[in-house]
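Now for the letters of each chain:
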Amino acid sequence: MIHLALLNGYRPAWVDALGDGIRDVLPGPVRDREMRLDFGPAFAPDRGQYHATFLLGALLRTLPAPEDKVLGVTAVDLFVPVLTFVFGQAQLAGSAAVLSTCRLQNEFYGLAPDEGLLLERAIKEAVHELGHAHGLVHCPDYRCVMHASTHVEDVDLKGAAYCGGCGSALERSASDAGA
Amino acid sequence: MTQRKILIVDDELSVRQSLEGWFREDGFAVEIAEDGKAALAKMHQGPFDIVIVDLKMPGMDGIELQKRVREIDPHAAIIILTAYASVETAVEALKLGAYDYVTKPVDPDDLSHLVGNILKQRALAEENVRLKEFTTLCNTAPIVGASAPMRHVFDLVDSVAETDSTVVIRGESGTGKELVARAIHERSRRRFFPIVAVNAGSLAESLLESELFGHEKGAFTGAQYRRKGKLELADGGTLFLDEIGDITAKTQVDLLRVLETKRFTRVGGNREIESDFRLICATNKHLEKLVEVGTFREDLYYRINVFGIDVPPLRDRRDDIIPLAEFFVEKYARAMGRDRKPLAPETVELLERYRWPGNVRELENAVERAMVIGREGAIVPADLPLQLERQVVPADTSLAAVEKQHIERVLQEAGGNVTRSAKILGIDRATLYNKVRRYGIKR
């Protein structure tokens, strides 16, 4: 099961559609729930951002069952040391992932809000981070959702589904986990 | 595709962890090290495509580490991580050969582009090496010969090429044993991998050992860098070991072990390396006799002597002499940018009669010389090396004719100086004058 953890009161209007988007490409049920985490230790005052790895660690401790995956969704800006920002982070072939919608919003770039576009981007990045949690690495096919995105424009360019190779790898990973 | 390897060296745990996670998601095999010492230990365990080095670290700093990394693996691309305050030092690192530097925190897009560019460059460099190897294969000199003995050699080459058997090629020096080895390689399933040649006869024992097995840095005085051996380079392809009859007893033991296991260690190293190669040996010695007298190991002899090919000396395939000579004329005319020259009838006669103790190599050298020194028109006997003319005396030649020819040559070499010529000939000047008059020799 995939748990969509809506962190610290963040509940966008399109959260059901996000669940549907994930369900379209990943096996198993998707359930959303609101969750409160202590963001304090993750905050870096000099950067005004939150350390993604801290949030991942906190999310892991909330996991109901070892075979489940948890995806935290937040609006705060995330970083990992050495990088200026990350859209999200996942435990590779693990159980937890976290996604920030901060830099997926048009407003961040001084543009008019676009809820539809934000949902589309959030679905892609959620499926991308959950792909990492299933053991997938970045894909060279720019249409594949596992293609690396370091710009929001890259996110817009890629599709919301796994390519043939990544899809097969995901099936193998899911069947191995089932076995 | 081979998984790319990256080494991250930073004293800050959070930096190591975040970069490790980021690169793992990108599909890299990632190793991390917290300081210079740990990084160098990792460098010794295997090659890395990229090494990311923090500039400021306690103990060995990034600049020093970069130098040491370069000594171990000059091909690894080094990225320097730095804070704004130390950009000048980062520039110094660039001068020392770092690929680039990035300031912390790094924009993921910049890092992604940087790494992408490094990988593209490496892929191009690797492709270039492969293309060069392939071009070398395509440019391999053909074996010229339509005589019955050479047709037999070609049949044997065709029979054994597709198998993976070890081949021993025997023949006198200069008969073209290496060309036969290359012909086998080119017709084998290993043809898209390199054929690596080692002349065992030309190297001292320690040098041959290093040449074959490679060595680690510091394995011996002067071993400043790690070096791959020919056995490692021949992985997937063919190792051509020339003059195998000349290798020492110790190298014979080492070679036997490699042939049995296809595994070896570099000189001064302890990591076992595997290499899948086919062995083709060549010798101008009588290996069976060497086994009898105990200078060649019997077990090694039986290990290598799976399939034998005897390349005949040129004197036993006289039908090939003129086609070979014409082939070399063509070859050197092209190389020197000159017109192809015909062989004068007396040159043909001379070439066909000569015994060619140096075989095809001697013929090639003779033709090259003729192409260099010859004037306009056909290649005449005077264009050929003197020993050819001296040695070739038709059986029906009279003693007087031989004497006349010899006096003419000595006079020519002495620049027409009778006193010096008489001295060379061992006769007095008066006798030489008489002979010059009698034979009508023009000076």
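The structure under discussion appears in the preceding block.
These lines cover the structure that appears in this document, whether it is placed above or below. As the structure is a prediction and not an experimental result, all values here were calculated from the model.

Details of the overall build of chain B
Move 1: Along chain B, the regular secondary structure elements total 19 helices and 14 strands.
Move 2: Every one of the 443 residues in chain B was classed for burial, and the buried ones make up 33%.

What to know about the interface of chain A and chain B
Move 1: Listed by partner, the interface residues are 15 residues for chain A and 19 residues for chain B.
Move 2: Class assignment for the residues of the side of chain A that touches chain B results in eight nonpolar, seven polar and no charged.

Re unusual backbone geometry
Move 1: A cis amide bond, omega -10 degrees, links lysine 104 of chain B with the succeeding residue proline 105 of chain B.
Move 2: Although it is not a glycine, alanine 93 of chain A adopts a positive phi angle of roughly 55 degrees.
Move 3: Inspection of the secondary structure puts alanine 93 of chain A in the loop between β7 (88–90) and β8 (96–100).
Move 4: Judged by C-beta crowding, with 15 C-beta atoms within 10 Å, alanine 93 of chain A ranks as partly exposed.

A closer look at the sheet that holds strand β6 (residues 167–170) of chain B
Residue and element names in this part refer to chain B.
Move 1: Strand order in the open sheet made by the five strands is β7-β10-β13-β6-β14, with parallel pairing throughout. Strand pairing shows two members of the sheet lacking a second neighbour, β7 (195–199) and β14 (307–310), which therefore form its edges. Strand after strand, the sheet turns through a mean of 20 degrees between neighbouring axes, direction not considered.
Move 2: Lying on the sheet, helix α7 (residues 177–186) is in contact with β6, β7, β10 (238–242), β13 (278–283) and β14; it crosses β13 at an angle near 160 degrees.

Describing the packing of helix α1 (residues 15–25) of chain A against helix α3 (residues 115–133) of chain A
Residues and elements named next belong to chain A.
Move 1: The contact between α1 and α3 brings their axes to 9 Å, and the two run at 45 degrees. It follows that α1 is oblique to α3 by the angle criterion. The hand of the α1/α3 crossing is right-handed. Touching Ala17, Leu18, Gly21, Ile22 and Val25 of α1 are Leu119, Ala122, Ile123, Ala126, Val127 and Leu130, all from α3.
Move 2: A per-class count over the contact of α1 with α3 returns 10 nonpolar, one polar and no charged.

Concerning the nonpolar core
Move 1: Ranked by internal contacts, the top residues of the largest apolar core, which has 82 residues, are Leu55 and Leu71 of chain A together with Ile50, Val51, Ile52 and Ile80 of chain B.
Move 2: Within the second largest apolar cluster, 38 residues are counted, among which are Val180, Phe213, Leu279 and Leu300 of chain B.

Re the sheet that holds strand β2 (residues 30–35) of chain A
All names here are of chain A.
Move 1: In space, the five strands of this open sheet follow the order β2-β1-β5-β8-β7, with mixed pairing throughout. Edge positions in the sheet fall to β2 and β7, since each has one partner strand and no second. With strand direction ignored, the average angle separating the axes of adjacent strands in the sheet is 20 degrees.
Move 2: In this sheet, β2 lies alongside strand β1 (residues 2–7) in parallel orientation, the contact comprising six bridges. Paired with isoleucine 2 across the two strands is valine 30, which belongs to β2.
Move 3: Docked against the sheet, α1 engages β1 and β2, running at close to 140 degrees with respect to β2.

Focus: the environment of valine 418 of chain B
Residue and element names in this part refer to chain B.
Move 1: Along the chain, valine 418 falls in helix α18 (residues 418–425).
Move 2: Here valine 418 falls in the partly exposed class, since 15 other C-beta atoms lie within 10 Å of it.
Move 3: When residues no more than four places from it in sequence are discounted, the contact partners of valine 418 are Arg429, Leu432 and Tyr433.

Re the packing of α18 of chain B against helix α19 (residues 429–439) of chain B
All names here are of chain B.
Move 1: Where α18 contacts α19, the axes come no closer than 9 Å and their chain directions differ by 100 degrees. The orientation of α18 relative to α19 falls into the category roughly perpendicular. Listed contacts from α19 to Val418, Thr419, Ser421, Ala422 and Leu425 of α18 are Arg429, Leu432 and Tyr433.
Move 2: Its residues assigned to classes, the contact of α18 with α19 shows five nonpolar, two polar and one charged.

Quick look at the pairing of strand β5 (residues 69–74) of chain A
Residues and elements named next belong to chain A.
Move 1: Most of β5 is tucked away: six of the six residues are buried.
Move 2: Residues Lys69, Leu71 and Val73 line one face of β5 and the alternating positions Val70, Gly72 and Thr74 line the opposite face, and both faces are buried.
Move 3: Note that β1 and β5 share five bridges and pair parallel. Across the sheet, the residue bridging to leucine 4 is leucine 71, located in β5.
Move 4: Sheet analysis places β5 next to β8, joined by five bridges and oriented parallel.

Observations regarding helix α14 (residues 345–353) of chain B
Residues and elements named next belong to chain B.
Move 1: Those residues of α14 lying buried are Thr347, Leu350 and Leu351. Across the axial projection of α14, the buried residues extend over an arc of 95 degrees, all falling on one side. The exposed residues of α14 that point more than 90 degrees off its buried face are Pro345 and Glu346.

Observations concerning the environment of alanine 366 of chain B
All names here are of chain B.
Move 1: Relative to the assigned elements, alanine 366 resides in helix α15 (residues 359–373).
Move 2: The class for alanine 366 is buried, based on 24 C-beta atoms found within 10 Å.
Move 3: The sequence separation of alanine 366 and leucine 351 amounts to 15 residues, and the corresponding C-alpha distance is 9.7 Å.

Digging into helix α8 (residues 205–213) of chain B
Residue and element names in this part refer to chain B.
Move 1: Those residues of α8 lying buried are Leu208, Glu209, Ser210, Leu212 and Phe213.
Move 2: Buried residues along α8 sit against β7, β8 (214–215), α9 (230–233), α10 (249–261) and β11 (263–265).
Move 3: With its phi angle positive at about 80 degrees, glycine 214 sits one or two positions after the end of α8.

Reading guide: rules and limits
Residues numbered from 1 in each chain as written. Chains lettered and ligands numbered in written order. Predicted model: local features only at pLDDT ≥ 70, side-chain atom pairs only at ≥ 80, totals over all residues. Helix = DSSP H or I, 4+ residues; strand = E, 2+ residues; numbered from the N terminus. Buried ≥ 20, exposed ≤ 12 C-beta atoms within 10 Å, placed from the backbone. Contact = placed C-beta atoms within 7 Å. Nonpolar A, V, L, I, M, F, W, Y, C, P; charged D, E, K, R; others polar. Pairing = 2+ DSSP bridges. Axes fitted to C-alpha atoms, helices over the stretch in contact; angles between N-to-C directions. Parallel < 35°, antiparallel > 145°, perpendicular 65-115°, else oblique. Left-handed = near helix turned anticlockwise from the far one by under 90°. Core = buried A, V, L, I, M, F, W, Y, C linked by C-beta atoms within 7 Å. Arc of directions from axis to C-beta.

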